[in-house]
Amino acid sequence: MGFASLYPSYEPAPLPASREFQSMPVDTKAATDRLMRFLSVEGVTGQEAAIGRELTAALKQSGVPAKAIRLDDANTRIPVPTETGNLIVDLPGRGALHNQPRIMFMTHMDTVPLCAGAKPKKSGRKIVNEAKTALGGDNRCGCGVLVTLAAELEKQKLDHPPITLLFCVREESGLYGARHVKLDELGSPVMAFNYDGGSASNVIIGAVGADRWTVEIFGRASHAGVAPERGISSTMIMALALADAKAGGWFGKVVKGKQQGTSNIGPVTGGEGRPAGDATNVVTDYVHVRGESRSHDGKFFKEITKAYKAAFEKAAKKVTNAQGKSGKVKFKAETDYYPFRMKDNLPVVKRAVEAVSAVGGTPNVRAANGGLDANWMVRHGIPTVTFGAGQNEAHTVDEWINLDEYDRACALAVQLATMR
């Protein structure tokens, strides 16, 4: 959930007797075994080949024919090195629902780099980590749900419409797999259900949009002890720009009238081979800054980005040397994903709410403050609701998985797939 998502940790409190989840229409032991199996396979973002092979093997063992499973070529369009494409599975419709419109279930198969070396261990109704790494429940939980769905549909011979399963690559590093998938590869689903988060009762129908931006600051190197006045400090330009942005209310939580958003400054580096030197006795001639701007308002996150651009350009003009020369900046911004908010009366939202209620849950319709693969699916024209699947403390060494929520997510998927 990567890139992204900012779901709060979730540990379900006991529900009133009238709202307890009904018995699971799935083999929960087999579902947990699959999850443990997937957690044991490393697959950090951009390096998903191994987990792709493991998912393919598990799907075949669940009764999915090999001809229904394939990899697309999205990795050839992703601008950063990516081992493999998205994994796509076609399940033909069955029984009374075989000729209904196609629906899609999706998740992502990459993890954040912090998950490398994870050692999952079952502890009661939790899965924890014996290594000092992140666990990878984000998003091996989603992978487990989708494979379990395929297994249960085959095992129980349940009626269902045509279904596409989509396992995306590089969600954690920019939602690239969902962004670069070809729509004709998906079979024209009328709606989609994405698994990425904590509670299976969360019905996520909206999310923020975000710009990712970089700024290169060009100064002039000089000996800081002999002739500092000849130099132009890129570091000082950066400091003035960030102070200006902070004073203007553009850093962190950003509120301007009725508009709200967030921004953050990421890594500040010299850039490989770019600075004249990295000693303190050299006036810094080059600094590279990375940042982001987010908002649920499709125009406001762009305004936040513009404010940073203006701050850097203003600061560059202020820092001059003895000859009156000033620094320069090169500001680049790219939209990572666009915000969306679906209407409550859309068929996909109604189906999601009804399914959560049908398995005994209390639907929590909400929007997320992080990006999801659903951002790009909605942008592609496929209305997509996101549910949780048991993740907790994602992207930290304290990550753990709630197996009760995971089981509920599996049951929910079966319900979504077989509703009439």
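About the thresholds
Residues numbered from 1 in each chain as written. Predicted model: local features only at pLDDT ≥ 70, side-chain atom pairs only at ≥ 80, totals over all residues. Heavy atoms only, no water. UniProt positions renumbered as here; feature names shortened; annotations may be inferred. Core = buried A, V, L, I, M, F, W, Y, C linked by side-chain atoms within 4.5 Å. Buried < 20%, exposed > 50% of the residue type's maximum accessible area, 1.4 Å probe, protein only. Helix = DSSP H or I, 4+ residues; strand = E, 2+ residues; numbered from the N terminus. Phe/Tyr/Trp six-rings, centres within 6.5 Å; stacked < 30°, edge-to-face > 60°. 1 Å grid on protein atoms, 1.4 Å probe; cavity = no way out; pocket = protein on both sides within 12 Å on 5 of 7 lines; lining within 4 Å. Points joined across faces, edges and corners; volume = space filled by probe spheres on them. Nonpolar A, V, L, I, M, F, W, Y, C, P; charged D, E, K, R; others polar. Domains from an automatic or database assignment. Pairing = 2+ DSSP bridges. Axes fitted to C-alpha atoms, helices over the stretch in contact; angles between N-to-C directions. Contact = heavy atoms within 4.5 Å. Buried area = accessible area lost by both parts, 1.4 Å probe. Salt bridge = Lys/Arg side-chain N within 4 Å of Asp/Glu carboxyl O.

- As named in an unreviewed UniProt entry, the chain is Bll2699 protein, taken from Bradyrhizobium diazoefficiens.
- UniProt's Cofactor (unreviewed entry) comment on the chain is quoted here verbatim: "Zn(2+)".

Points about the nonpolar core
At step 1: If you look at the biggest cluster of nonpolar residues, it comprises 68 residues, and the most contacted ones within it are F105, L165, F167 and Y195.
At step 2: Among the elements that take part in this core, helix α9 (residues 403-418) stands out by supplying nine residues, more than any other.
At step 3: Core analysis: the second largest hydrophobic core is formed by 23 residues, I232, M238, A245 and W250 among them.

Here's the deal with the packing of aromatic side chains
At step 1: The tally for this structure, following the rule as stated, stands at ten aromatic pairs.
At step 2: Seen in terms of ring centroids, W213 and F312 are 6.2 Å apart; in terms of plane orientation they differ by 65°. Their pairing is edge-to-face. You can see W213 sitting in strand β9 (residues 209-218) and its partner F312 sitting in helix α6 (residues 300-318), a full 99 residues away along the chain. Each member of the pair W213 and F312 is classed as buried.
At step 3: Each member of the aromatic cluster is reached from another via a ring pair, and the members are F105, F193, Y195 and F387.

What about the layout of surface pockets?
Unoccupied space between atoms shows up once a probe the size of one water molecule is rolled over them.
At step 1: Here the largest pocket is characterised by a volume of approximately 370 Å³.
At step 2: Around the largest pocket, the lining is made up of 14 residues, and of these Y176, R212, T214, R290 and E334 lie nearest the centre.
At step 3: Every element with two or more residues in the lining of the largest pocket is listed here: β9 and β13 (328-337).
At step 4: Tallied by class, residues from the lining of the largest pocket come to five nonpolar, two polar and seven charged.
At step 5: Residue-level mapping places the lining of the largest pocket at the junction of two domains, with at least three residues from each of domain 1 (28-208 + 339-418) and domain 2 (210-337).

Looking at unusual backbone geometry
At step 1: Cis geometry is found at the peptide bond from D138 to N139, where omega equals 10°.
At step 2: Examined against the element boundaries, N139 turns out to sit in helix α3 (residues 137-155).
At step 3: Phi at L175 takes a positive value of approximately 60°, unusual for a residue other than glycine.
At step 4: If you trace the backbone, L175 turns up in the loop between β6 (163-168) and α4 (176-180).
At step 5: Residue L175 is classed as buried on the basis of its relative accessible area, which comes to 0%.
At step 6: Notably, H395 is not glycine yet its phi reads approximately 70°, a positive angle.

Digging into the sheet that holds β9
At step 1: Pairing is antiparallel across the open sheet formed by five strands, whose spatial order is β10-β11-β12-β9-β13. Each end of this open sheet is capped by a strand with a single partner; those strands are β10 (252-256) and β13. Between one strand axis and the next, the sheet turns by 25° as a mean value, whatever way the strands run.
At step 2: Relative to strand β12 (residues 286-295), β9 is paired through ten bridges, and the arrangement is antiparallel. Within the sheet, the bridge partner assigned to I217 lies in β12 and is V287.
At step 3: Strands β9, β11 (259-269), β12 and β13 of the sheet are contacted by helix α5 (residues 234-247), whose axis makes an angle of about 20° with β12.
At step 4: Taken strand by strand, α6 contacts β9, β10, β11, β12 and β13, and its axis lies near 170° from that of β13.

Some thoughts on the environment of Q259
At step 1: Within the secondary structure, Q259 sits in strand β11.
At step 2: Taking the C-alpha atoms as reference points, Q259 and R179, separated by 80 residues in sequence, lie 27 Å from one another.
At step 3: Setting aside anything within four residues of it in sequence, one finds Q259 in contact with V254, D297, F300 and E303.

Points about the sheet that holds strand β17 (residues 391-392)
At step 1: Overall, antiparallel pairing links the four strands, which are arranged β4-β5-β18-β17 in an open sheet. Taken across any chain shown, the strands that pair with only one partner, and hence form the sheet edges, are β4 (120-123) and β17.
At step 2: In this sheet, strand β18 (residues 400-402) lies alongside strand β5 (residues 126-129) in antiparallel orientation, the contact comprising two bridges. When the sheet's bridge partners are listed, K126 is paired in β18 with N402.
At step 3: Against the sheet, α9 contacts β4, β5 and β18, and its axis sits at roughly 55° relative to β18.

Structural notes on the environment of K330
At step 1: As for its placement among the helices and strands, K330 is situated in strand β13.
At step 2: On the accessibility criterion, K330 (41% relative accessible area) is partly exposed.
At step 3: Counting along the chain gives 42 residues from K330 to H288, while the straight-line C-alpha distance between them is 9.7 Å.
At step 4: In contact with K330, other than residues within four places in its own chain, are T214, V215, E216 and F218.

Some remarks on the domain arrangement of the chain
At step 1: As far as domains go, the chain holds domain 1 (28-208 + 339-418) and domain 2 (210-337).
At step 2: Inter-centroid distance (C-alpha atoms) of domain 1 to domain 2 is 38 Å.
At step 3: Opposite the 14 residues of domain 1 that make contact, domain 2 presents twelve residues.
At step 4: Between domain 1 and domain 2 the total buried area reaches about 900 Å² when both faces are included, carbon and sulfur atoms providing 53% of it.
At step 5: When the buried surface of domain 1 facing domain 2 is broken down by residue, R179, V208 and P339 rank first, second and third, together holding 51% of it.
At step 6: At the surface where domain 1 touches domain 2, the tally comes to one salt bridge.
At step 7: Across the salt bridge formed by E334 and R179, the nearest N and O atoms sit 3.6 Å from each other.

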